[in-house]
Amino acid sequence: MDSLNRVAGQQAGQQPGQPLPEKQTGPAPAGTAAGLARYVAAATLARTADGGAVLAVVLLVTTAGGPGWLAGLLGACITGPHLLGPFIARSLDSCRDGRVLIARACAGHGATLAAAVLLYPVAWPATAVLLVASGLVGPLLTGGISSRLPAIAGPDQTSQRRAQGWDVATYGIGGTIGPGIVAAVSAWAGAAVAALILASATIVAAGLVRLLPYTPPVAGAAGIPGPVRTLRIMAATGRLRRMLYLTVTVAFSVAALPIAAVASTAVFNVQPAAAGILTAAYGLGGLAGSAMVMVRPLRGDADRLVTRLAGMVAAALAVAALPASFLPAIAAYAAAGVLNSYFFAATLAARSEFAPLQIRGQVFVWVGALKIAAGSAGTAAAGIAVTGEPKGVLFLVSAVVLAAAGTSVLERRSTRSPQPD
């Protein structure tokens, strides 16, 4: 905790390790509503491109008659580098103007993606190198952009948490519309055109990011910790630690739902393509959940909210294993999407309210990178574990989340310090 105290102690009006006061969660720039509107537009465009890029690359290879191993390799070239995001995120907290950095990341992502697509027919190794470069800045389009939100949303907790509902929606829209745009445009004009449209979206996002309200740099930026020390601070800070391991656990567990959806079609005696309906129900449920957070923002301590909502996600995963017919399963998947959006909003609140200002950007990117890794691992593990009926896998991941939530409760109760950690 000494490292945290040294970092957090510079925050004006905030005790080391304490969340920002309810009525002062960040600066309140002029034009908050306009800034939030620009933020939502920029984040949606960037995350739509990020969400659809892998499918565009895979379709580019397969529709050109390329082998499956090459499609997988190039897809990994754009997703794998996301895990290196924390090692470039320090600049978010140390630069004079984070808008410039994120705008350059958006423009770089678009430029390298476009160049990779255009060079594929000529030299696929060059495409691989360019996709790696595009993937390296990907975390700045996700967690990096989110790190700007606390300074835009407004000074009070309600405004912050309503804005976090918008942020959750941009992720949901990007993850849904991105692949949809790629599929539609690829069928009409080819995968290369689809990828170029995504690249153009990030260029537009770059311009919108530059129009976001300016946030002054944090005082004492020269002493900002590096990525490894930032992770240690997160591990040593109870509220951030609990948010981190619950986020990773939930991401690992909900990644089993698409695999379970495919496996359950045989149980429900429906066509395999019907698995898309179940995953769409989950996605639409997520969008509905984000809308609910906008209308009725989360209230209460973010630390307890994260734990409570993780337990509710565990219950939803167990319920998704129960239906014996297709229609109830659709409802169960939609409910899981709703609760996962609420959980995601709570984790955004925890990051915003508990991360020291000097490392806020790095905290957002660290959580995003580990979440991506956990989701990939969850998908792989579920694919290996599913045999016949998917009930066993869903009950298992539900138990994993419930155990993590229980650990969080016990850990918080065991804290006897006069101030929350």
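First, a word on scope: everything that follows refers to the structure included in this document. Predicted, not measured: the structure shown is a model, and the values here were computed from it.

Working note: α-helix, 3.6 residues per turn, so residues spaced by three or four point in the same direction. Between its first and last C-alpha atoms helix α2 (residues 32-63) spans 45 Å; for 32 residues at 1.5 Å apiece the expected length is 46 Å, and the two agree. The largest bend in α2 comes to about 40°, at G52. With its phi angle positive at about 85°, G65 sits one or two positions after the end of α2.

Moving on, we come to the pattern of salt bridges. Enumeration over the complete set of coordinates arrives at nine salt bridges. Between D301 and R239 there is a salt bridge, with the nearest N and O atoms lying 3.7 Å from each other. Note that D301 is positioned in the loop between α15 (275-295) and α16 (302-320) and R239 in helix α13 (residues 238-254), a separation of 62 residues in sequence. Overall, the relative accessible area of 25% leaves D301 in the partly exposed class. A residue is classified by how much of its surface remains accessible, and R239, at 8% relative accessible area, is buried.

On to the nonpolar core, then. By size, the foremost hydrophobic cluster in this structure holds 62 residues, and its most contacted members are L257, Y333, F343 and L394. Secondary-structure elements contributing two or more residues to this core are α12 (227-236), α13, α14 (256-268), α15, α16, α17 (326-354), α18 (360-385) and α19 (391-414). The residues contacting F343, other than those within four sequence positions of it, are L246, T247, V250, V306, L309, A310 and V313. I145, I152, L208 and V365 belong to the second-largest nonpolar core, a separate cluster that totals 26 residues.

Cut-off values and rules
Residues numbered from 1 in each chain as written. Predicted model: local features only at pLDDT ≥ 70, side-chain atom pairs only at ≥ 80, totals over all residues. Heavy atoms only, no water. Helix = DSSP H or I, 4+ residues; strand = E, 2+ residues; numbered from the N terminus. Expected span 1.5 Å × (residues − 1). Bend = angle between axes of the 7 residues up to and from the residue. Salt bridge = Lys/Arg side-chain N within 4 Å of Asp/Glu carboxyl O. Buried < 20%, exposed > 50% of the residue type's maximum accessible area, 1.4 Å probe, protein only. Core = buried A, V, L, I, M, F, W, Y, C linked by side-chain atoms within 4.5 Å. Contact = heavy atoms within 4.5 Å.

By themselves, these are just geometric observations and shouldn't be taken as functional.
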